[in-house]
Amino acid sequence: MNNFIYSSQVKEAINQHSPIVALESTVITHGLPQPKNYEVALAMENEVIKENAAPATICLIDGVIRVGIDNNELKTLAQTTNSVKVSRKDIAYAVSFGLNGGTTVSGTMTVAHAAGIKVFATGGIGGVHRGNSFDISSDLPTLARIPMIVVCSGAKAILDIPATKENLETNGVPILGYKTNELPAFYSIHSGIKVDRQVNNAEEIVSIALNQWKLGLSSALLVTVPPPSDLEIPAIQVEMQIKEALEEAKKNNISGPAITPFLLLKVNEITKGKSMRVNIALLKNNARVAAKIAVALSSAVNS
């Protein structure tokens, strides 16, 4: 992919066959307020570096796809107010019109796969929206078609989690629980939904991934990591808060792409900032777990 620009750190990691972790950038452009967005993005990169892997934050700057960015570019992206959300379907448009963009899960996976990166960390994946089973995030079909290890804390809690799990199952996406047999519900450790298999370390995940790829299975491997127990919000409490936020969205006729950021902001307001604290903690934790997996994968492939 000669039309990508790679950071020096990512370029070196590719040349040396060292571990790399892809990181999405909508958390920077749309997910968190300034200057928290910059601080969290930097903290996620540092978690990856501490585990001896290279962070590859993926984004678009002036229509150029970037695979890894330096600190100044990260700061600029965090302060830019005209960035668009770039999912898989938006990449060519954003490139054509020279836009600044934060890549979603599907956008990040598409670019990372083209760049040869096999491990990706995010907060929560998109899924099936509540009350409309036809409103399905492009994250789900992308997870079904790109072979990659994706580390997350389940689907965002504002979504229909049981329907999202069913969709993943239908499309052949294995769901692994990292040190848990239950699917996390983003802000909550417990959802009442079982994962396909529990895994207890990075080596087990890598073994499953390598066998999946050897068999020619094209889907991603979804590794779900519970949020830190000292910060989690119990699911029953979150559910009440989400329902309140949904009512507010309905009153204000908010729908389409605007609904997710509105609901996340509203839930944060209702919880007096607690939901954002959980979100930030799980983002850093997921980056750390993904880096461990990337290191184990690199070791297995290069041994």
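The structure contained in this document is the topic of the report that follows. All values derive from a computational prediction rather than experimental measurement.

## Section: the layout of surface pockets
Taking a probe equal in size to a water molecule and rolling it over the atoms shows the remaining empty space. As a volume, the largest pocket reaches approximately 1,000 Å³. Lys-85, Lys-156, Pro-257, Thr-260 and Pro-261 are, among the 41 residues lining the largest pocket, the residues nearest its centre. At the level of elements, helix H2 (26-31), strand E9 (132-136), helix H11 (259-270) and helix H12 (274-302) are the ones that each hand at least two residues to the lining of the largest pocket. At seven residues, the largest contribution of residues to the lining of the largest pocket is made by H11. Each residue belonging to the lining of the largest pocket can be placed in one class, and the counts come to 16 nonpolar, 18 polar and seven charged.

## A short note on the packing of helix H10 (residues 235-251) against H11
The N-to-C vectors of H10 and H11 enclose an angle of 125 degrees; their axes lie 9 Å apart at closest approach. As far as their axial angle goes, H11 and H10 are oblique. Crossing handedness for the pair H10 and H11: right-handed. Where H10 abuts H11, its residues Gln-241, Ile-242, Glu-244, Ala-245, Leu-246, Glu-248 and Ala-249 lie against Ile-259, Phe-262, Leu-263, Lys-266, Val-267 and Ile-270. Grouping the constituent residues of the contact of H10 with H11 by class yields nine nonpolar, one polar and three charged.

## Section: the environment of Phe-262
Checked against the element boundaries, Phe-262 lands in helix H11. The spacing of Phe-262 and Ala-245 is 17 residues in sequence and 8.3 Å in space, taken between C-alpha atoms. Once residues lying within four places of it in the same chain are set aside, the contact partners of Phe-262 are Ala-245, Glu-248, Ala-249 and Ile-254.

## Considering unusual backbone geometry
Residues Gln-34 and Pro-35 are joined by a peptide bond in cis, for which omega reads -5 degrees. With respect to the helices, strands and loops of the structure, Pro-35 is situated in the loop between H2 and helix H3 (36-50). Although it is not a glycine, Asn-253 adopts a positive phi angle of roughly 55 degrees. You can call Asn-253 exposed: its relative accessible area is 68%. Backbone geometry places Lys-272, a non-glycine residue, at a positive phi of 55 degrees. Turning to its location among the elements, Lys-272 is positioned in the loop between H11 and H12.

## Looking at empty space enclosed by the protein
Overall, the coordinates contain one cavity of 30 Å³ or more when judged by the stated rule. In terms of lining residues, the largest cavity is bounded by Ile-125, Gly-154, Ala-155, Ile-161, Thr-164, Lys-165, Leu-168, Ile-175, Leu-183 and Leu-222. Among the residues making up the lining of the largest cavity, the classes are represented as seven nonpolar, two polar and one charged.

## Observations concerning helix H4 (residues 71-79)
Within H4, the full set of buried residues consists of Leu-74, Leu-77 and Ala-78. Down the axis of H4, the smallest arc covering the buried residues is 100 degrees, so these residues share one side. In H4, those exposed residues whose orientation departs by more than 90 degrees from the buried face are Asn-72, Thr-76 and Gln-79. Where the residues of H4 are buried, they touch H2, H3, strand E3 (54-61) and strand E6 (101-103).

## Examining the side chain of Glu-45
Following the sequence through the fold, Glu-45 ends up in helix H3. Once residues lying within four places of it in the same chain are set aside, the contact partners of Glu-45 are Leu-23, Pro-55, Thr-57, Ile-69 and Leu-74.

## A closer look at the environment of Gln-237
Within the secondary structure, Gln-237 is located in helix H10. Judged by relative accessible area, Gln-237 falls into the partly exposed class, the value being 34%. Sequence separation between Gln-237 and Val-295 is 58 residues, and the spatial gap between their C-alpha atoms is 37 Å.

## Digging into the pattern of salt bridges
Between side chains of opposite charge, a pair can form when the charged atoms approach closely. Enumeration over the complete set of coordinates arrives at 10 salt bridges. The salt bridge partner of Glu-239 is Arg-130, with a shortest N-O separation of 2.6 Å. Remark: Arg-130 occurs in the loop between strand E8 (128-129) and E9 and Glu-239 occurs in helix H10; sequence separation between them is 109 residues. With a relative accessible area of 27%, Arg-130 lands in the partly exposed category.

## Digging into the pairing of E9
In summary, the side chains of a regular strand alternate between the two faces of the sheet. In this structure, E8 lies alongside E9, joined through two bridges in antiparallel fashion. Paired with Val-128 across the bridge in E9 is Ile-136.

## What about the packing of aromatic side chains?
Inspection of the entire model under this criterion finds three aromatic pairs. Measuring from centroid to centroid gives 4.8 Å for Phe-186 and Tyr-187, while their planes differ by 65 degrees, and the two rings are edge-to-face. Note on accessibility: Phe-186 and Tyr-187 belong to one class, buried. The aromatic ring of Trp-213 is capped on one face by Lys-118, whose charged end is 4.1 Å from the ring centroid.

Rules used throughout
Residues numbered from 1 in each chain as written. Predicted model: local features only at pLDDT ≥ 70, side-chain atom pairs only at ≥ 80, totals over all residues. Heavy atoms only, no water. 1 Å grid on protein atoms, 1.4 Å probe; cavity = no way out; pocket = protein on both sides within 12 Å on 5 of 7 lines; lining within 4 Å. Points joined across faces, edges and corners; volume = space filled by probe spheres on them. Helix = DSSP H or I, 4+ residues; strand = E, 2+ residues; numbered from the N terminus. Nonpolar A, V, L, I, M, F, W, Y, C, P; charged D, E, K, R; others polar. Axes fitted to C-alpha atoms, helices over the stretch in contact; angles between N-to-C directions. Parallel < 35°, antiparallel > 145°, perpendicular 65-115°, else oblique. Left-handed = near helix turned anticlockwise from the far one by under 90°. Contact = heavy atoms within 4.5 Å. Buried < 20%, exposed > 50% of the residue type's maximum accessible area, 1.4 Å probe, protein only. Arc of directions from axis to C-beta. Salt bridge = Lys/Arg side-chain N within 4 Å of Asp/Glu carboxyl O. Pairing = 2+ DSSP bridges. Phe/Tyr/Trp six-rings, centres within 6.5 Å; stacked < 30°, edge-to-face > 60°. Lys NZ or Arg CZ within 6 Å of the ring centre and 35° of its normal.

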